[in-house]
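This is what each chain is made of:
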Amino acid sequence: MMKELSAWNHDRRANGKPEVHIGIGLNTDAVVAGNIGSKKRMDYTIIGDGVNLASRLESACKTYGTQILISEFTFKALKATYTTRELDVVVVKGKSEPVAIYEVMDHHTEEDYPHMMEALRHFREGLSQYRRSRFKEALAAFREVHALNAADKSAVLYIQRCEHFISSPPADDWNGVWIMEGK
């Protein structure tokens, strides 16, 4: 889907039209699927906590500047090899248990994400330092990511978090989990 969208956006740019961007949230879980409603109005739909988490991940794409976010449950269920990066551990609205979230990066090209493999290495190091409350070291790593790709919004997000925690350190019981306020 992302490759087709990229080709379509290439044509749109060539015709002076604005690009279209999408975010995709994927989660693996048991859900209820089927015709739900009354005799007057019946809709085929899916419901359940798994659907809600996927929806929250789709919304989080804007926050992290990503196109495809997957839950730790989908990440663990993957049978093929995909280029991913762990982005965060979050508690989504309406839940109390944290979940790790990952970005799927396979659709990127050198043109839209230059030096991706090097940036992923720095991002991994930054995330590791961040989780150990070593915010100055994390900040340096996330700045390396930003230097390689200034469009990496997730790196910018972590740069801001690190700067905040350097000036206002978290409590001793801080566990690195981010509470997502929005849906």
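Keep in mind that this is a model prediction, so the values were computed, not measured. (Residues numbered from 1 in each chain as written. Predicted model: local features only at pLDDT ≥ 70, side-chain atom pairs only at ≥ 80, totals over all residues. Heavy atoms only, no water.)

A look at the pairing of strand β2 (residues 32–37)
Item 1. In this structure, β2 lies alongside strand β3 (residues 42–47), joined through 6 bridges in antiparallel fashion. Counted as the bridge partner of A33 is I46 from β3.
Item 2. What sits between the antiparallel neighbours β2 and β3 is a turn of 4 residues. (Pairing = 2+ DSSP bridges. Helix = DSSP H or I, 4+ residues; strand = E, 2+ residues; numbered from the N terminus.)

A closer look at helix α6 (residues 153–167)
Item 1. Along its 15 residues, α6 runs 21 Å from first to last C-alpha, staying within 8% of the 21 Å computed at 1.5 Å per residue.
Item 2. When we look at burial in α6, the residues that qualify are S154, A155, L157, Y158, I159, R161, C162 and F165.
Item 3. Close packing links the buried residues of α6 with α2 (49–64), β5 (84–91), α4 (116–131), α5 (135–148) and β7 (178–179).
Item 4. Capping of α6 at its N-terminal end is provided by D152; its side-chain oxygen lies 3.1 Å from the backbone amide nitrogen of S154. (Expected span 1.5 Å × (residues − 1). Buried < 20%, exposed > 50% of the residue type's maximum accessible area, 1.4 Å probe, protein only. Contact = heavy atoms within 4.5 Å. Polar contact = N/O pair within 3.5 Å; in protein donor to acceptor, adjacent residues only side chain to side chain.)

Comments concerning α5
Item 1. With 14 residues, α5 should reach 20 Å at 1.5 Å per residue; the first-to-last C-alpha distance of 20 Å fits that figure.
Item 2. For α5, every residue scored as buried is listed here: F135, A138, L139, A141, F142, V145 and L148.

Details of the nonpolar core
Nonpolar side chains tend toward joint burial in soluble globular proteins.
Item 1. Membership of the largest hydrophobic core comes to 33 residues, with the highest contact counts inside it found for Y64, Y130 and F142.
Item 2. Within the residue set of this core, elements represented by two or more residues are α2, β5, β6 (99–104), α4, α5 and α6.
Item 3. Setting aside residues no more than four positions away along its own chain, Y130 makes contact with F135, A138, F142, Y158, R161, C162, F165, W174, G176 and W178. (Core = buried A, V, L, I, M, F, W, Y, C linked by side-chain atoms within 4.5 Å.)

Comments concerning the packing of α5 against α6
Item 1. Two elements in contact, α5 and α6, have axes separated by 9 Å at closest approach and are oriented at 155°. By the criterion of interaxial angle, the relationship of α5 to α6 is roughly antiparallel. Helix-helix and strand crossings are classified by hand; for α5 and α6 the assignment is left-handed. Together, F135, K136, A138, L139, F142, R143, V145 and H146 of α5 and A155, V156, Y158, I159, C162, E163, F165 and I166 of α6 make up the contact between the two elements.
Item 2. A class-by-class count of the residues in the contact of α5 with α6 yields 12 nonpolar, 1 polar and 3 charged. (Axes fitted to C-alpha atoms, helices over the stretch in contact; angles between N-to-C directions. Parallel < 35°, antiparallel > 145°, perpendicular 65-115°, else oblique. Left-handed = near helix turned anticlockwise from the far one by under 90°. Nonpolar A, V, L, I, M, F, W, Y, C, P; charged D, E, K, R; others polar.)

Re the environment of C162
Item 1. Relative to the helices and strands, C162 is located in helix α6.
Item 2. Residues contacting C162, with those up to four places away along its chain left out, are Y130, F135, A138, L139 and F142.

Here we look at the sheet that holds β5
Item 1. Strand order in the open sheet made by the 5 strands is β1-β4-β6-β5-β7, with mixed pairing throughout. Edge strands, defined here as strands with exactly one partner in the open sheet, are β1 (24–26) and β7.
Item 2. Sheet topology note: the strand β4 (residues 68–71)/β6 ladder contains 3 bridges and is antiparallel. Its bridge partner being in β6, L69 is matched across the sheet by E103.
Item 3. Strands β1, β4, β5 and β6 of the sheet are contacted by α2, whose axis makes an angle of about 135° with β4.
Item 4. Its contacts with the sheet put α4 on β5 and β7, and the angle it makes with β5 is roughly 30°.

Describing the packing of α4 against α6
Item 1. Interaxial distance between α4 and α6 falls to 12 Å at its minimum, and their mutual angle equals 30°. By the criterion of interaxial angle, the relationship of α4 to α6 is roughly parallel. Where α4 crosses over α6, the handedness of that crossing is left-handed. Facing F123, L127 and Y130 of α4, the residues of α6 in contact are S154, A155, Y158, R161, C162 and F165.
Item 2. Looking at the contact of α4 with α6 residue by residue, the classes come out as 7 nonpolar, 1 polar and 1 charged.

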